[in-house]
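Close look at the chain arrangement
Chain by chain, the residues:
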There are 4 protein chains.
Amino acid sequence: MSADDDFTNAAGNEKQTARLEAFSDGVFGIAMTLLVLDLHVPNPPVGAGPYTSAGLGSALASQWPAYFAFVTSFASVLIMWMHHHAFFRLVRCVDATLLFVNGLLLLLVTVVPFPTAVVAKYFSTPAGPAACTLYAGMFVVISVVFYLVLLAALRPSIVFPTVSPRTLQRLRRTYSIGPPLYLLATIAAPFSRWLSMGICTALWLYWVVTARRRDIYLPPAG
Amino acid sequence: MSADDDFTNAAGNEKQTARLEAFSDGVFGIAMTLLVLDLHVPNPPVGAGPYTSAGLGSALASQWPAYFAFVTSFASVLIMWMHHHAFFRLVRCVDATLLFVNGLLLLLVTVVPFPTAVVAKYFSTPAGPAACTLYAGMFVVISVVFYLVLLAALRPSIVFPTVSPRTLQRLRRTYSIGPPLYLLATIAAPFSRWLSMGICTALWLYWVVTARRRDIYLPPAG
Amino acid sequence: MSADDDFTNAAGNEKQTARLEAFSDGVFGIAMTLLVLDLHVPNPPVGAGPYTSAGLGSALASQWPAYFAFVTSFASVLIMWMHHHAFFRLVRCVDATLLFVNGLLLLLVTVVPFPTAVVAKYFSTPAGPAACTLYAGMFVVISVVFYLVLLAALRPSIVFPTVSPRTLQRLRRTYSIGPPLYLLATIAAPFSRWLSMGICTALWLYWVVTARRRDIYLPPAG
Amino acid sequence: MSADDDFTNAAGNEKQTARLEAFSDGVFGIAMTLLVLDLHVPNPPVGAGPYTSAGLGSALASQWPAYFAFVTSFASVLIMWMHHHAFFRLVRCVDATLLFVNGLLLLLVTVVPFPTAVVAKYFSTPAGPAACTLYAGMFVVISVVFYLVLLAALRPSIVFPTVSPRTLQRLRRTYSIGPPLYLLATIAAPFSRWLSMGICTALWLYWVVTARRRDIYLPPAG
């Protein structure tokens, strides 16, 4: 009997992922909530008098890239959390590999408010292409790491033995469109900021629609 | 047997909403806590010397719209969390529809610090009406989405079978005053910022009082 | 059978405070963590060249009121959380009264970073007395509301029936020194900022020491 | 029967650390997430026109010390959380000593974004050595307190009786390299900022590698 057995006493065949899931949820939730800090209260231009109601209204309206970037980032992280939530239901235990790729994912999710702020500030300026390249490039990295978490989580030694190979295969396939399409958005950014952000938006909309239609990652309500 | 059954193995008739509730709680709590970032430490006017104690005191006092907006937003989100807490006790399982409308609600709750900051800064300026329109308008959208979450959560396929139709009906009725009254506050904002914010305040006070008097959403202490 | 019974089905005599405790913990934790945002990276004075290492070092050192305020606020909120944690172990269920006074406590805990920032910025300026009055005054209100939460939580209809009256009495007594001493710190602030902050510091140190010596709110390790 | 027994009723031999672990996780998670606030969106120099895409790109690239400090801090706190997670699996109950050293650790973890911001801003300026001294010095304190938490948590009266002395000894040894090496990094900072930050980086990489190779703190997947 090795000393490691001390750690397996309480375990057996029960689910052992509670603390990792709770911690991941916390980081996802906080990263999403911090996105609001990228929405700034506008100030009247120096030298101009105080805002009228119409002036404040149009200053708020002119910040639309910030709202757009907020919604895109929030929805992309939320849908990622939902998938995380979904496939972790199949996971029975945690090992160091899963813990580390998941930790890397959390690091990247935490960074999301930064490229979001860059896009919010520079989308409609001459520097827009660089901002969109950063944004989409960030999501290339995130989606690749997310896929690695998925692979690490769905290894046979990690999932519940009752999960069928077909389910695992289907789950892997659903997420595999992320990296190439975010890469396309990155490559498109220097040519068209609209196309780039449009691909990012289309991706989370696609995941919402497929999730609703096939209800793949949630138990049927019956 | 379809592959989806893998997801229902552990389920049966038990409550399956823990992770969604925890995640929602996290987002509600963080959004409420971030409101404090809208309270700014005052600085003496450029060119004036450092504050005296009296000067700091009156600078702090003159920020009262920020405190008022803070309390209104905090209380409104807290009472929403309490109702969320209350009706999720009846929910047995989660499907994609509930997950997505709840996700939309979280997005909107996350945004609350932004209109709060706008009201804090512009309430007592000429741009006050625009600030209050934004604020109340935001809560129209939030209260509508909150009502959709309620409808999605209280479907027969989602709640515990033991919940009576009368309970469901009563719950739906309690929240239904939110959207029309927030709409009234939005329409009133261009005419009177006080009336607009007063309606928003009256609403959360009303919900506190009814919740206390009827104790509707909590188990009796016996 | 009233419709309210739907809410008590799952309950019986079990502990029903999990979601309230988790939510409170979240708000306590976030409020404590946001305190770090009151620590600002110093900037060289306008017109001076970049900092040397010695310059940065002495600029960092001159911010000591900010570190002092950070530690005082963090420790005060942490000890409050620990007591919250302790007496909620005796609580069996939650009603609207407890939920609302607890909500008011969370609102006030959330505000703590604001007076902390005011003290951090103005402690060693002529406005120091006003800053300390605000700080200690805030803790008067918090400690009164904390005491109300304690009273609401330790009502006979709320605690587990096995808790003895002597335990309840002792718990109430431990916290009752908070409001009068914070009031003293508030009154002392216009005369001596050091005395005022000293009382605030002495209080949390006292609670740490009594908690350690009597171990009152934790189960014996045997 | 003393009044303290009221607190032990529900307990017996079960694990009683849930709320402490959840609270610690929350603080770790929030501190890690707040690190992103140290990444600032660059502004064009005063007087220069708006950024071109190339200008924004090079401004973003020139912020590399901020990214480096972000990754180092995030990884250091994450690996600390993982070890915290690991050895708390052996802990059966909580006493005041453990609660207070753990509270002190949380205070220090909360502070991490501050020295990180100092390094991010001053690493490549003449004040770099002072910034690195602060950063590494902070981690000396954190690693000492972490070691105290470990000692407090692994006392025989606190851990599960089934944990072997050999396991406890091995756990203590793994972390014991932290304080001396962070001290070395602090001493090295005035001579070489690169050496100082390099030691900090090497430490978390070392902990990742040993954790993966020996899988010491996680149950084997079988």
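Fair warning: this is a prediction, and the values are worked out from it, not measured in the lab.

Thoughts on the relation of the copies chain C and chain B
Between the two copies, chain C and chain B, the superposition gives an RMSD of 0.0 Å; the rotation angle is 90° and the shift along the axis is 0.0 Å. What the rotation and shift describe, once combined, is the action of a four-fold rotation axis. With a heterologous cut-off of 20% or less, the 7% of interface residues of chain C that recur at the interface of chain B puts this contact in the heterologous class.

So, a nonpolar patch on the surface
A contiguous nonpolar patch, built from Val144, Leu148 and Leu151 of chain A and spanning about 210 Å² of accessible area, is present on the exposed surface. Mapped onto the elements, Leu148 of chain A comes out in helix α7 (residues 128–153).

Quick notes on the interface of chain D and chain A
It is common to give the size of an interface as the accessible area lost on bringing the parts into contact. Counting residues at the interface gives 55 residues for chain D, matched by 43 residues for chain A. Taken over both partners, the interface formed by chain D and chain A buries close to 4100 Å², and the fraction arising from carbon and sulfur atoms is 71%. Where chain D packs against chain A, one counts zero salt bridges. At the junction of chain D and chain A, the tally comes to four residue pairs in polar contact (both at pLDDT 80 or more). Sorting the residues of the side of chain D that touches chain A by element identifies α1 (18–34), α2 (53–61), α3 (64–88), α7 (165–175) and α9 (193–214) of chain D as the ones contributing at least two each. Ranked by residues supplied to the side of chain D that touches chain A, first place goes to α3 of chain D with twelve residues. Class assignment for the residues of the side of chain D that touches chain A results in 35 nonpolar, 13 polar and seven charged.

Quick word on the state of the cysteines
Residues and elements named next belong to chain C. Tallied over the full model, the rule gives zero disulfides over all chains. Summary of cysteine pairing: Cys132 is not part of a disulfide, and the nearest cysteine sulfur, belonging to Cys200, is at 8.0 Å. In this structure Cys200 comes out as buried when scored by relative accessible area, which is 2%.

Digging into the relation of the copies chain D and chain A
When chain D is brought onto chain A, the operation consists of a screw motion whose angular component is 90° and whose axial shift is 0.0 Å, with 0.0 Å RMSD remaining. A share of only 5% of interface residues in chain D that are also interface residues in chain A marks the association as one of differing surfaces.

What to know about the interface of chain C and chain B
Chain C puts 43 residues into the contact, and the matching count from chain B is 54 residues. Interface area for chain C against chain B, summed over the two sides, is near 4100 Å², with a carbon-plus-sulfur share of 71%. For the pair chain C and chain B, the interface holds zero salt bridges. Where chain C packs against chain B, one counts four residue pairs in polar contact (both at pLDDT 80 or more).

So, the confidence of the model for chain A
All names here are of chain A. On average, chain A scores 81 in pLDDT, and the residues at 70 or more come to 87%. The low-confidence segment residues 1–12, where pLDDT is below 50, has 26 contacts with residues more than four positions distant or belonging to other chains. Below pLDDT 50 for its whole length, residues 215–222 participates in 30 contacts with residues either more than four positions away or in separate chains. Scoring of the predicted complex yields 0.84 for pTM and 0.80 for ipTM.

Rules used in this analysis
Residues numbered from 1 in each chain as written. Chains lettered and ligands numbered in written order. Predicted model: local features only at pLDDT ≥ 70, side-chain atom pairs only at ≥ 80, totals over all residues. Heavy atoms only, no water. Least-squares fit on C-alpha atoms with pLDDT ≥ 70 in both. Contact = heavy atoms within 4.5 Å. Patch = residues over 30% accessible without salt bridge, like charges linked within 9 Å, V, L, I, M, F, W, Y side chains within 5 Å. Areas by Shrake-Rupley, 256 points an atom, 1.4 Å probe, with all protein chains shown as cover. Salt bridge = Lys/Arg side-chain N within 4 Å of Asp/Glu carboxyl O. Helix = DSSP H or I, 4+ residues; strand = E, 2+ residues; numbered from the N terminus. Buried area = accessible area lost by both parts, 1.4 Å probe. Polar contact = N/O pair within 3.5 Å; in protein donor to acceptor, adjacent residues only side chain to side chain. Nonpolar A, V, L, I, M, F, W, Y, C, P; charged D, E, K, R; others polar. Disulfide = S-S within 2.5 Å. Buried < 20%, exposed > 50% of the residue type's maximum accessible area, 1.4 Å probe, protein only. pLDDT = per-residue confidence, 0-100.

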